[in-house]
6 protein chains.
Amino acid sequence: MRLNQAYSGNVFICSSDDYEASRAVIYGMPMDYTVSFRPGSRFGPGRIREASVGLEEYSPYLDRSIVDLAYFDAGDLLLPFGNAAKSLDIIAEFVRGVLADGKIPVGLGGEHLVSWPVIQEVYKKYPDLAILHFDAHTDLREEYEGEPLSHSTPLRKAAELMGPSNIYQFGIRSGSKEDWTYAQQSGIHFHPFEVAEPLKQELPSLAGRPVYVTIDIDVLDPSAAPGTGTTEAGGITTKELLEAIHAIARSGVNVVGFDLVEVAPIYDPTEMTPIVASKMIREMLLGFVK
Amino acid sequence: MRLNQAYSGNVFICSSDDYEASRAVIYGMPMDYTVSFRPGSRFGPGRIREASVGLEEYSPYLDRSIVDLAYFDAGDLLLPFGNAAKSLDIIAEFVRGVLADGKIPVGLGGEHLVSWPVIQEVYKKYPDLAILHFDAHTDLREEYEGEPLSHSTPLRKAAELMGPSNIYQFGIRSGSKEDWTYAQQSGIHFHPFEVAEPLKQELPSLAGRPVYVTIDIDVLDPSAAPGTGTTEAGGITTKELLEAIHAIARSGVNVVGFDLVEVAPIYDPTEMTPIVASKMIREMLLGFVK
Amino acid sequence: MRLNQAYSGNVFICSSDDYEASRAVIYGMPMDYTVSFRPGSRFGPGRIREASVGLEEYSPYLDRSIVDLAYFDAGDLLLPFGNAAKSLDIIAEFVRGVLADGKIPVGLGGEHLVSWPVIQEVYKKYPDLAILHFDAHTDLREEYEGEPLSHSTPLRKAAELMGPSNIYQFGIRSGSKEDWTYAQQSGIHFHPFEVAEPLKQELPSLAGRPVYVTIDIDVLDPSAAPGTGTTEAGGITTKELLEAIHAIARSGVNVVGFDLVEVAPIYDPTEMTPIVASKMIREMLLGFVK
Amino acid sequence: MRLNQAYSGNVFICSSDDYEASRAVIYGMPMDYTVSFRPGSRFGPGRIREASVGLEEYSPYLDRSIVDLAYFDAGDLLLPFGNAAKSLDIIAEFVRGVLADGKIPVGLGGEHLVSWPVIQEVYKKYPDLAILHFDAHTDLREEYEGEPLSHSTPLRKAAELMGPSNIYQFGIRSGSKEDWTYAQQSGIHFHPFEVAEPLKQELPSLAGRPVYVTIDIDVLDPSAAPGTGTTEAGGITTKELLEAIHAIARSGVNVVGFDLVEVAPIYDPTEMTPIVASKMIREMLLGFVK
Amino acid sequence: MRLNQAYSGNVFICSSDDYEASRAVIYGMPMDYTVSFRPGSRFGPGRIREASVGLEEYSPYLDRSIVDLAYFDAGDLLLPFGNAAKSLDIIAEFVRGVLADGKIPVGLGGEHLVSWPVIQEVYKKYPDLAILHFDAHTDLREEYEGEPLSHSTPLRKAAELMGPSNIYQFGIRSGSKEDWTYAQQSGIHFHPFEVAEPLKQELPSLAGRPVYVTIDIDVLDPSAAPGTGTTEAGGITTKELLEAIHAIARSGVNVVGFDLVEVAPIYDPTEMTPIVASKMIREMLLGFVK
Amino acid sequence: MRLNQAYSGNVFICSSDDYEASRAVIYGMPMDYTVSFRPGSRFGPGRIREASVGLEEYSPYLDRSIVDLAYFDAGDLLLPFGNAAKSLDIIAEFVRGVLADGKIPVGLGGEHLVSWPVIQEVYKKYPDLAILHFDAHTDLREEYEGEPLSHSTPLRKAAELMGPSNIYQFGIRSGSKEDWTYAQQSGIHFHPFEVAEPLKQELPSLAGRPVYVTIDIDVLDPSAAPGTGTTEAGGITTKELLEAIHAIARSGVNVVGFDLVEVAPIYDPTEMTPIVASKMIREMLLGFVK
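In this text the structure is predicted, and so the values were computed from the model without any measurement. (Residues numbered from 1 in each chain as written. Chains lettered and ligands numbered in written order. Predicted model: local features only at pLDDT ≥ 70, side-chain atom pairs only at ≥ 80, totals over all residues. Heavy atoms only, no water.)

A.B. asks: Can you tell me about the packing of helix α7 (residues 238-249) of chain F against helix α8 (residues 272-288) of chain F, naming the residues and giving the values?
C.D. replies: Residues and elements named next belong to chain F. Between α7 and α8, the shortest axis-to-axis distance is 9 Å and the interhelical angle comes to 15°. Considered as vectors, α7 and α8 are oriented roughly parallel to each other. Once α7 is placed against α8, the crossing between them reads as right-handed. For the pair α7 and α8, the contacting residues are T238, L241, L242, I245, H246, I248 and A249 in the first and V276, K279, M280, E283, M284, G287 and F288 in the second. A per-class count over the contact of α7 with α8 returns nine nonpolar, three polar and two charged. (Axes fitted to C-alpha atoms, helices over the stretch in contact; angles between N-to-C directions. Helix = DSSP H or I, 4+ residues; strand = E, 2+ residues; numbered from the N terminus. Parallel < 35°, antiparallel > 145°, perpendicular 65-115°, else oblique. Left-handed = near helix turned anticlockwise from the far one by under 90°. Contact = heavy atoms within 4.5 Å. Nonpolar A, V, L, I, M, F, W, Y, C, P; charged D, E, K, R; others polar.)

A.B. asks: Talk me through the environment of V95 of chain F; I want residue IDs and the actual numbers.
C.D. replies: All names here are of chain F. Mapped onto the elements, V95 comes out in helix α2 (residues 84-100). Note: C-alpha distance between V95 and V118 (23 residues apart in sequence) is 6.3 Å. Filtering out sequence-adjacent residues up to four positions away, V95 remains in contact with Y27, P105, V118 and E121.

A.B. asks: Lay out the pattern of salt bridges with the relevant residues and their values.
C.D. replies: All names here are of chain C. The tally for this structure, following the rule as stated, stands at 90 salt bridges over all chains. With its nearest N and O atoms 2.8 Å apart, the salt bridge here joins D32 to R42. On the criterion of sequence distance, the pair formed by D32 in the loop between β1 (24-29) and α1 (44-52) and R42 in the loop between β1 and α1 is long-range, its members being ten residues apart. By relative accessible area, which is 11% here, R42 ends up buried. (Salt bridge = Lys/Arg side-chain N within 4 Å of Asp/Glu carboxyl O. Buried < 20%, exposed > 50% of the residue type's maximum accessible area, 1.4 Å probe, protein only.)

A.B. asks: Describe the environment of E20 of chain B, and please don't skip the residues or the numbers.
C.D. replies: Take E20 of chain B: it is sitting in the segment before β1 (24-29). By relative accessible area, which is 61% here, E20 of chain B ends up exposed.

A.B. asks: Can you explain the sheet that holds strand β7 (residues 167-172) of chain D? Please cite residues and give values.
C.D. replies: Residues and elements named next belong to chain D. Read across the open sheet, the eight strands follow the order β4-β1-β5-β10-β9-β6-β7-β8; overall the sheet is parallel. Edge strands, defined here as strands with exactly one partner in the open sheet, are β4 (71-76) and β8 (189-192). With direction set aside, neighbouring strand axes in the sheet form an average angle of 15°. Relative to strand β5 (residues 104-109), strand β1 (residues 24-29) is paired through six bridges, and the arrangement is parallel. The residue of β5 that forms the bridge with I26 is V106. Contacting β7 and β8, helix α5 (residues 177-185) crosses the sheet at an angle of about 125° to β8. Sitting on the sheet, helix α8 (residues 272-288) is in contact with β1, β4, β5, β9 (210-216) and β10 (254-261), with an inclination near 175° to β10. (Pairing = 2+ DSSP bridges.)

A.B. asks: Residues and numbers for the sheet that holds strand β9 (residues 210-216) of chain F, please.
C.D. replies: All names here are of chain F. With respect to topology, eight strands assemble into an open sheet ordered β4-β1-β5-β10-β9-β6-β7-β8, the strand pairing being parallel. Pairing within the sheet leaves two strands with one partner each, and these edge strands are β4 (71-76) and β8 (189-192). Along the sheet, successive strands turn relative to each other by an average axial angle of 15°, direction set aside. Bridge count between strand β6 (residues 130-134) and strand β7 (residues 167-172): four bridges; the pairing is parallel. Bridge pairing links I131 to I167 in β7. Packed on one face of the sheet, helix α3 (residues 115-125) meets β1 (24-29), β6, β9 and β10 (254-261) and runs near 175° to β9. Sitting on the sheet, helix α6 (residues 196-206) touches β6, β7 and β8, and the angle it makes with β7 is about 165°.

A.B. asks: So what about the packing of aromatic side chains? Which residues, and what values?
C.D. replies: If you walk through the whole model with that rule in mind, you get 54 aromatic pairs over all chains. Arranged with centres 5.3 Å apart and planes meeting at 85°, the rings of F258 of chain C and F288 of chain C form a pair that is edge-to-face. Residue F258 of chain C is found in strand β10 (residues 254-261), and its partner F288 of chain C is found in helix α8 (residues 272-288); the two are separated by 30 residues along the sequence. Both residues of the pair, F258 of chain C and F288 of chain C, belong to the buried class. By the ring-pair criterion, three or more aromatic residues cluster together here, those being Y58 and Y61 of chain A together with W180, F190 and F193 of chain B. (Phe/Tyr/Trp six-rings, centres within 6.5 Å; stacked < 30°, edge-to-face > 60°.)

A.B. asks: Which residues make up α6 of chain F, and what values go with them?
C.D. replies: Residue and element names in this part refer to chain F. Among the residues of α6, those classed as buried are A196, P198, L199, E202, L203 and L206. Projected onto a plane normal to the axis of α6, the buried residues spread over an arc of 145° and lie on a single side. Set apart from the buried face of α6 by more than 90 degrees, the exposed residues are Q201 and P204. The elements touched by buried residues of α6 are β6, β7, β8 and α7. Phi turns positive one or two residues past the end of α6, at G208, with a value near 85°. (Arc of directions from axis to C-beta.)

Read these as layout, nothing more, since geometry by itself doesn't imply function.
Printed below as a string of structure tokens:
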């Protein structure tokens, strides 16, 4: 019996079942053990896939269709519950394989800490990497309650690994005083509160460079993404986030990986958060994967 | 016993019970059989009426009160479940009567296909009709999964009936490549992504013409109208939709009918979608019905 | 790169990735096009899998663990939206393959009409088949609004195919007068309103026979399964449904296939319906698959 | 133009539009101004009607169909917001008319105080009236926070009007010490905690008498009716409430009016509460209106 | 045993337990008896406190941390249910004490009528007081349904007490014709529909004056604050409300008291409304309390 | 200024503000860091208090009123987020003080692990202690994913501390095979699946003994308590849980402490779970505290 069914609902819409021929690889990281306020993002990847069945294949913003792009959905990684260190190892190993195969990793979170092992692997391959980070929070803590592996720390780790001047942050509107001082003084390209304008100013200088894009869905205002653990008033609209993605797509940077994290469906019975997230994934696939 | 109770909750607030004296006639079209993603708009008209009890009678935008305007709420049409063709006939027949009586039809959907028989009837009476269409989707498919009577097709049918150059579309941000090409090449006045600016540019040329206004609630961003079947990131705010309605009201066009469709309450436990929709209906009544 | 990830969240918990070695095959049927009241069961299979991650592996009722049982989760079948006839063909073809391979089909619905092609295939293989049907509704209509392929008709079709005396119905509490008369006069073993007692009386006579078990989640009371399209007051508790499953498991009948249908998650923000359903699937796997 | 549309969604399913020919008259009382904890029952009547469209016409419990029974749905009475005294007058006047026309009033609440004017009118016509009251609460307060017109007082008023020995209470499980003492010592037929057994014992003595049945939906357990203002653990199941209704229907009492109150939809996004309530109304129509 | 636990969840985050040393005093006013449409704001104060545990202590907008500011959370005042007049007396007495102790009252509503006794007390102490009022509604009625103590009347009362020219209103977009005329003709600094621009224009003239700030959460668009009784399309974003607060903080006015009212959690299962409100309280504490 | 306000909403209803005179002390333990499936119980204690304002003061089951009983609500303990060991120390220290003062500790969870330090302290004071444990889960793991401080382990620890024969478990229906074997073979009084009958059989032998009662709200069926992390089909009704509490109250055992844990409000927008829990607390206060 032929078993390789085309699944509907369990993979991101229009995923190819041919890994070898795919340019990008979607994978879920169902981890939320280190969050401080409202957990639940472990169910984010599955619901983003579920919501993707409502998407059109064609993007009128980019005049391109996902049926003309081969990407593979590897499902959710099997992470050992409660063991953050081991989970990060599993993510790292998976992404290492994807990169070794010359493909673009497309991560679905899960809490933001999942981006840390991915950034490490991408940086190994691309030593001149820059990171574009869209978030309500700095994620620049050295540790959280004594724990360095926390959803509050991934960008700090990245800054220490890659050098702060290779980190570009947008839309940030929450953090501790220490985080904020670090953001302002360390050399990070730090653009709090706003997204569109500073992004347009920074992009030209990044043309041609390898770039990793990481989006925490809470960069959006609570009105547009209530389904996340730590939603923050004062965020941007879905229109602005689409504009940011399209600006990157048209900028001449070389996106070598990206993720979207912190969708926590239980807080949003309207389902708008995974629906919005699935459209952002479509636009990033079409805009970033050539 | 006197039976003509004034009902609260079951009719749009401040409806007259005198059909003859009414200038406009509200009617519900509880049909959602042809939708592809998330059904439920059959319950939209009832919930819009329910929400209307929270409205003030007076519009400060237009300095006019609904108590100074006579309109009749005819309730929901009785449509045979699952039979789209027959349902459209019933709608057509009803609207024909309303128009014959010299009144303005005010439709509550229901899926967007319900606008198709209405447009046909209005066009028969007003051969120089123009349509102002506010939506996230083109609704320009020739057919959907082989079925020409689909919620994806009503504007295509209208374009073929009336000529594409009499169709004005605003806020569109989703469609198939074929739809999009048709929208751009057929002669439709096609204004994707934006509403306020292009509307202001188009309105002067329409002054004096009979116009039918059809609003799919999903022209709003998911944040403002989660209670709809196919919500699309990148939409407008409620403020922008109010501005559009007021721009039409002040433009000198002759609105001869209008509708608001695709409110699907089950996806919105906050009830904001029918609440917002009921205010839009009030503003359209006050702005469009002289 | 090794690709056969163990997925969490996308398959029923503890599914094997070895089809050949599996005794049972789980498959989703995301179809809800023919329902009359509240659609949404197309999202049922995915949410049952999602909820399964909260299950213990061990059943204390049956003293058996799902880690000691090999079953494969084939994901959701890819059904053409809106085309019921073609969808049923695809289901039939899939189940035919499962049966040909000597495995037990375990279906997740989707509306109840999906059971019809399965029953046909199972009956072809087991001509002395009996059906145990748990439901709030007779599902015995000849047609619904003129359409014989409706969620109201599958058991009527089965009765006509296999003979009414091979159908056993339990917990039924809603139907048209015609359905009810047919149920009572056709020779069906018809047990309205109650489940536990009549089941215990019927089971001994079925010992040794091949049996197909089909559970509509709405056999449960609205309190226990609000997440379904047409919930009916007067239903049984989850305790009673577990007792029914265990009674069958211990009865000596030969369960050759089973399904659980009509989970529609949108109506249940508490998620209790898919959580309850996932436990029922675990108990049926452990009780029915030897 | 013919205007008497058959409405779907705005009236209880299968209502006749011929008042004169109807045996019973459904009317809504959208009042909740005197409640102490969680208001919202003013939206109950509309949602019960909305939910009724999911009902089968036929009751297999009673072997009778609502299409064989003529009843009129008069919609919601227009009650002046916040003015309890005037609202009760309007209810009284309406019910007086219904009774004068020889019809059975079928009330949908609204808070329980709405039953008080109805009981007064029914008692005027039937001086040997008995009341069957199903509720979690005694509703026997003399006043609440100094206010005699409160949702906590209607049965006390009825007891004082008609004599306590004509009041039969079932399922009560909450009240003040004073209420409880009154219930036990005044001569009321007081059956706390339980419904089915005491009802069966009381019914024979009531055979032939005119009876008014008033059901507060909170007699059900929170699990079965979360959509009500003051839900109380320890309630009955929907099965038990159906049994109670059927016991009355078969008892030989003469039901001369009935109501179902306190459905407050906002607390129940699953919609199970109005769905359950609409079935109870169907069974009472079929069981009580000959 | 030492009892003065630091409570988490029951007080606003980082509240001091030293009343004497505190500059500001938070207090809840759980009253919603006079609202007309959707009650529930009595639960607002508790949920704002609950949501506050998710806040960062540091405001990057104002470069100040709540750990550097001493404020006391006095809990909710014990108001006699249903007795508006007595409740207002209790509020007045409490606020009088806070003011006498030289502290800034920070009120959490509850319906907007609770601001009325507060304004009276603050005005007694500061006869040159100005009020900055942010709201969707004028709240300028003389009475509502004959009742002068209504959630529709507090600003009218304030205008009559203090003189209309000391009232500044922003964002208003709903009211009766009478209210609107009064707003425009009485001398109130009336700025309908908009907030940011007119506020910036008015603030310079207020420099040095004592100011009371009262925010009805429904000044926000329904998308940003669905959890309120009477939400109105056409509102501002959370970003704009933050900007308004920051503009006041930087303006040189002397804020001598403030409140935030009308959070009604039941209408918002996403919890975004209390989460947004808690951030606004943090920003007002940091911006207004020197 | 007098500060000891009587708070409404922030303490359990009718709490005394006189610690010294109180017989029992309510305290919240807002901890949920070790749970495996759906976290959120940290918000349980606050919502149980909030729901308590809807309770009657009088229990008709026990003919006693909470106004006749002095108990103090100490609020939520301030637990260091993510640090389970330290949190348990804080709980232990608090309970030690309560016991030293001769009062009965009444704990509100939080995850079930919070009961472990309480049991240790109570056992120190009462070496002949017995535990009555009501739960869906055995909570008998030696460790969970290598971590001995887990919500799956508290009763195992208690059994090892006090001897299994002093543990009485009721209603258990989920656990690992190892747990189950331990439960059956260790000497625990283990009563899976059922509550009322085995409890009645065990109670006489416990008369006069000091007893600690710990209720995990998930002993209830999902229908009655959806707002909990790991809900399990096959549970008891609220009526049965009330009966169990009343049976203990009337049995002659000496309840020296009790708790109710695992209320996780986010999963239950109907709020029925905290409402039910608050009634159980009232009944335990009235039944257990003499």
